[in-house]
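Residues per chain are reported as follows:
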Amino acid sequence: MKIFYKMLLFFLFPASTQAQDFDALLDSNAVILEKCLEKGYHDPYMKKCYLKASEDLDLLLNTIYKKTTPLLKKAHQIEFRNNQRKWLSFYNSEIQFNQKVFWSQNSDKKYQFGTLVDLSIAADNYKILKNRVSTLSSYYTILTTGL
């Protein structure tokens, strides 16, 4: 995971004016997560892998957001901010929903998933966050390269 932070610092403070490739950081995050999951012998450990990867993605999301905002026209900056706030509201709501529903299901004798519930919730939340990072990375790429 130290590699991810080094790459993030490189992209945050580039030595040259080269375009930043946030997709490479996103890919690196996925590789680090996969390596962590391969070491996982039990659900709680694997859950920690997802939580750490999500923390890193959250940092990347904030970085991309901050780098993208000034590239937009003023009116679009406000829309972008409002859009991001709506997404954050959705994301937080989804986390709460997953926890509430699946934990209550887990207490039902019919389901009894044990620690797999926590792992599934962490994995689902990671996927939602990863998708948003990918979307904002696309915005940044379009605004900086026209592609």
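Below, the structure is looked at part by part.

What counts, and where the lines are drawn
- Residues numbered from 1 in each chain as written.
- Predicted model: local features only at pLDDT ≥ 70, side-chain atom pairs only at ≥ 80, totals over all residues.
- Heavy atoms only, no water.
- Helix = DSSP H or I, 4+ residues; strand = E, 2+ residues; numbered from the N terminus.
- Buried < 20%, exposed > 50% of the residue type's maximum accessible area, 1.4 Å probe, protein only.
- Contact = heavy atoms within 4.5 Å.
- Areas by Shrake-Rupley, 256 points an atom, 1.4 Å probe, with all protein chains shown as cover.
- Phe/Tyr/Trp six-rings, centres within 6.5 Å; stacked < 30°, edge-to-face > 60°.
- Disulfide = S-S within 2.5 Å.
- Core = buried A, V, L, I, M, F, W, Y, C linked by side-chain atoms within 4.5 Å.
- Patch = residues over 30% accessible without salt bridge, like charges linked within 9 Å, V, L, I, M, F, W, Y side chains within 5 Å.
- Salt bridge = Lys/Arg side-chain N within 4 Å of Asp/Glu carboxyl O.
- Expected span 1.5 Å × (residues − 1).
- Axes fitted to C-alpha atoms, helices over the stretch in contact; angles between N-to-C directions.
- Parallel < 35°, antiparallel > 145°, perpendicular 65-115°, else oblique.
- Left-handed = near helix turned anticlockwise from the far one by under 90°.
- Nonpolar A, V, L, I, M, F, W, Y, C, P; charged D, E, K, R; others polar.

Brief notes about the overall build of the chain
Right, so step 1: Secondary structure summary: the chain contains five helices and zero strands in total.
Right, so step 2: Going from the N terminus to the C terminus, the chain shows its helices and strands as α-α-α-α-α.
Right, so step 3: Classification of the 147 residues of the chain by burial places 33% in the buried group.
Right, so step 4: Counting contacts in the chain only where the partners sit at least 6 residues apart, residues at least 24 apart contribute 69% of the total.
Right, so step 5: Surface exposure of the chain reaches about 9,300 Å², of which carbon and sulfur atoms provide 58%.

Let's talk about the packing of aromatic side chains
Right, so step 1: Overall, the coordinates contain five aromatic pairs when judged by the stated rule.
Right, so step 2: Ring geometry for Tyr 65 and Phe 80: centres 5.0 Å apart, planes at 20°, overall stacked. Within this pair, whereas Tyr 65 is found in helix H3 (residues 43-68), its partner Phe 80 is found in helix H4 (residues 74-106), the two being separated by 15 residues in sequence.
Right, so step 3: Put simply, the rings of Tyr 65, Phe 80 and Tyr 139 pair up and form one aromatic cluster.

Some remarks on the state of the cysteines
Right, so step 1: Summed over all chains, the structure comprises one disulfide.
Right, so step 2: The disulfide partner of Cys 36 is Cys 49, and the S-S distance across this bridge is 1.9 Å. Between Cys 36 and Cys 49 the disulfide shows an S-S torsion of about -75°. By sign, it is left-handed. Note that Cys 36 is positioned in helix H2 (residues 22-39) and Cys 49 in helix H3, a separation of 13 residues in sequence. For the residue pair Cys 36 and Cys 49, the accessibility class agrees, reading buried in each case.

Some words on the nonpolar core
Right, so step 1: One finds Leu 33, Tyr 50, Leu 57, Leu 60, Ile 64 and Val 133 to be the most contacted residues of the largest nonpolar core, which totals 27 residues.
Right, so step 2: Counting only elements with at least two residues in this core, the list comes to H2, H3, H4 and helix H5 (116-145).
Right, so step 3: No other element matches the nine residues that H5 contributes to this core.

A short note on a nonpolar patch on the surface
Right, so step 1: Taken together, the side chains of Leu 71, Tyr 139 and Leu 143 present a nonpolar region at the surface, about 240 Å² in accessible area.
Right, so step 2: Counting through the fold element by element, Leu 71 comes out in the loop between H3 and H4.
Right, so step 3: Taking relative accessible area as the criterion, Leu 71 reaches 40% and is therefore assigned partly exposed.

Concerning H5
Right, so step 1: Taking 1.5 Å per residue, 30 residues should reach 44 Å; H5 reaches 42 Å between its end C-alpha atoms and fits that length.
Right, so step 2: Positive backbone phi, at 80°, marks Gly 146, one or two positions downstream of H5.

As for the packing of H2 against H5
Right, so step 1: Between H2 and H5, whose axes approach to 9 Å, the crossing angle comes to 160°. In terms of orientation, H2 lies roughly antiparallel with respect to H5. Seen from above, H2 lies across H5 with left-handed handedness. Each of Phe 22, Asp 23, Leu 26, Asn 29, Ala 30 and Leu 33 in H2 lies in contact with H5, whose residues at this interface are Tyr 126, Lys 130, Val 133, Ser 134, Ser 137 and Tyr 140.
Right, so step 2: By residue class, the composition of the contact of H2 with H5 is seven nonpolar, three polar and two charged.

Side note on the environment of Leu 57
Right, so step 1: Inspection of the secondary structure puts Leu 57 in helix H3.
Right, so step 2: Overall, the relative accessible area of 0% leaves Leu 57 in the buried class.
Right, so step 3: Distance from Leu 57 to Ala 30, taken between C-alpha atoms, is 9.7 Å for residues 27 residues apart in sequence.

Note that all results are geometric; they support no functional claim without further evidence.
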